[in-house]
Amino acid sequence: MATTNAVPPAAPEPQPQMSAISRIVGVFFSPGATFKDLVQRPSWMAPMILLIVIWFGLCAALVKRADWVTYTRQQIEKNKFAASHIEALPEDQKEAAYEQGAQRSKISQYVRGVIGWPLLILFSAAINFAAFKLIGGVRTNFGTAFAITAFAHLPMSLRELLAIPVTFLKDPQSIDPQNFLASNPAAFLGDSAPAWQLIFFGSLDIFAIWAIILMAVGFSAADPKKAPIGKALGIAFGTTFSVVLFFTMMAWIFL
């Protein structure tokens, strides 16, 4: 009898790896596939550089356009401790204090660009890594969590990029360097709103919510069995709400 040799099935061809630029674009248009690729080869340098560069561009626009003396005066008036100290000064010393505060505020914007985003990504990665480990049992490492967090925050760079032309179109006295784009309810509360309201309603930002959703997609891609997308969304939003509630309470008590 003639015999035939079984031909083994061909092994599936490996999927081409995405470049850094492809990942950045993919976060906005195909996040599922992008984060699946990211968890295979975690990296965070490209989104971090992009976040910092765009922030510096926004800083340059804010420093040039915003009325920093008025902004500093408003910030001091909101802080009861600083306000009581300033009120005790003579009028000429008050103006000098406002000018000095304005210069420090300008410098702090650039300093935030250097250390702000790295620290924010580190803090967010640590909090979410712990939450997904403890609550979801997600099997991943901190390096992957850090990469997921860096890419998930790219919508915030889009917010800053959109704010640059808006800054040049607005009246200088109406520019708020802390809430430079009207993408959350806090932008409509006015300068006299207490700090706890600004923190709470500022967290309801369209781009921040987008980032939370991407965080859930990323951690779900890291371990789909332990963190299906529905569960991942619950953990991501629950973790963020807990952090926001903590800082809101601190502001309500002390500011």
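Right above here is the structure, for reference.
Residues numbered from 1 in each chain as written. Predicted model: local features only at pLDDT ≥ 70, side-chain atom pairs only at ≥ 80, totals over all residues. Heavy atoms only, no water.

**Focus: the overall build of the chain**
Counting secondary structure elements, the chain contains 11 helices and 0 strands. Helices and strands in the chain line up, N terminus first, as α-α-α-α-α-α-α-α-α-α-α. Computed over C-alpha atoms, the radius of gyration of the chain comes to 23 Å, more than 25% over the 18 Å expected from 2.2 N^0.38 for 255 residues, which places it beyond the range of a compact globule. Projecting the C-alpha coordinates of the chain onto the three principal axes gives extents of approximately 110 × 35 × 25 Å. Going through the 255 residues of the chain one by one, you find that 37% of them count as buried. The long-range fraction of contacts in the chain, counting pairs at least 24 apart against all pairs at least 6 apart in sequence, stands at 73%. Carbon together with sulfur atoms contributes 68% to the accessible area of the chain, which is approximately 14,200 Å² in total. Averaging the locations of the 19 positively and 15 negatively charged side chains of the chain gives two centres separated by 13 Å. (Helix = DSSP H or I, 4+ residues; strand = E, 2+ residues; numbered from the N terminus. Rg over C-alpha atoms; globule rule 2.2 N^0.38 Å. Buried < 20%, exposed > 50% of the residue type's maximum accessible area, 1.4 Å probe, protein only. Contact = heavy atoms within 4.5 Å. Areas by Shrake-Rupley, 256 points an atom, 1.4 Å probe, with all protein chains shown as cover. Lys, Arg positive; Asp, Glu negative; His and termini not counted. Charge placed at Lys NZ, Arg CZ, Asp CG, Glu CD.)

**With respect to the side chain of E160**
Along the chain, E160 falls in helix α8 (residues 154–169). Of the side chains with opposite charge, R112 comes closest to the buried, unpaired E160, at an N-O distance of 5.2 Å. Beyond its immediate sequence surroundings of up to four residues, E160 is in contact with L51, I54, W55, L58, W117 and F180. (Salt bridge = Lys/Arg side-chain N within 4 Å of Asp/Glu carboxyl O.)

**Section: the nonpolar core**
Grouped together as the largest cluster of nonpolar side chains are 54 residues, with contacts concentrated most on F35, W117, I121, F132, I148, F151 and F180. Broken down by element, this core gets its largest block of residues, 10 residues, from helix α10 (residues 206–222). Those residues in contact with F132 that sit more than four places away from it in its chain are G137, V138, F219, A232, I235 and A236. (Core = buried A, V, L, I, M, F, W, Y, C linked by side-chain atoms within 4.5 Å.)

**Comments concerning the packing of α8 against α10**
Their axes nearest at 8 Å, the elements α8 and α10 cross at an angle of 160°. Relative to α10, α8 is oriented roughly antiparallel. Judged by the sense of rotation from one axis to the other, the crossing of α8 with α10 is right-handed. Of the residues in α10, those touching α8 at P155, M156, L158, R159 and L162 are F207, A208, W210, A211 and L214. (Axes fitted to C-alpha atoms, helices over the stretch in contact; angles between N-to-C directions. Parallel < 35°, antiparallel > 145°, perpendicular 65-115°, else oblique. Left-handed = near helix turned anticlockwise from the far one by under 90°.)

**Regarding the pattern of salt bridges**
By the definition in use, this model includes 5 salt bridges. Salt-bridge contacts for R139 lead to D223; the nearest nitrogen and oxygen are separated by 2.7 Å. Linking R139 in the loop between α6 (91–134) and α7 (142–152) with D223 in the loop between α10 and α11 (229–254), this pair joins segments that are 84 residues apart in sequence. Between D205 and R159 there is a salt bridge, with its nearest N and O atoms 3.3 Å apart. Separated by 46 residues along the polypeptide, D205 in the loop between α9 (195–202) and α10 and R159 in helix α8 bring together distant segments of the chain.

**As for the packing of aromatic side chains**
Counted according to the given criterion, the structure contains 11 aromatic pairs. An angle of 85° between the planes, with centres 5.7 Å apart, marks the rings of W68 and Y71 as edge-to-face. In this pair, W68 and Y71 both sit in helix α4 (residues 68–78), 3 residues apart, roughly one turn of the helix. Summarising the burial analysis for this pair, W68 and Y71 share the class buried. (Phe/Tyr/Trp six-rings, centres within 6.5 Å; stacked < 30°, edge-to-face > 60°.)

**Here we look at the environment of M156**
Considering the arrangement of structural elements, one finds M156 in helix α8. Since its relative accessible area comes to 15%, M156 is described here as buried. Between the C-alpha atom of M156 and that of F123, which follows or precedes it by 33 residues, the distance is 16 Å.

**Section: the packing of α9 against α11**
Here α9 crosses α11 at 170°, and the two axes come no closer than 8 Å. Judged on the interaxial angle alone, α11 and α9 are roughly antiparallel. Judged by residue contacts, A195, W196, I199 and F200 of α9 engage F241, V244, F247, T248, A251 and W252 from α11.

**A look at the environment of Q17**
On the secondary structure map, Q17 appears in the segment before α1 (20–29). The sequence separation of Q17 and Q40 amounts to 23 residues, and the corresponding C-alpha distance is 9.3 Å. At 3.3 Å, the side chain of Q17 and the side chain of R41 are in polar contact. (Polar contact = N/O pair within 3.5 Å; in protein donor to acceptor, adjacent residues only side chain to side chain.)

**A word on helix α2 (residues 31–40)**
Because the α-helix completes a turn every 3.6 residues, residues three or four places apart line up on one side. All buried positions along α2 are accounted for by T34, F35, D37, L38 and V39. Where α2 is buried, its residues meet α1, α7 and α10.

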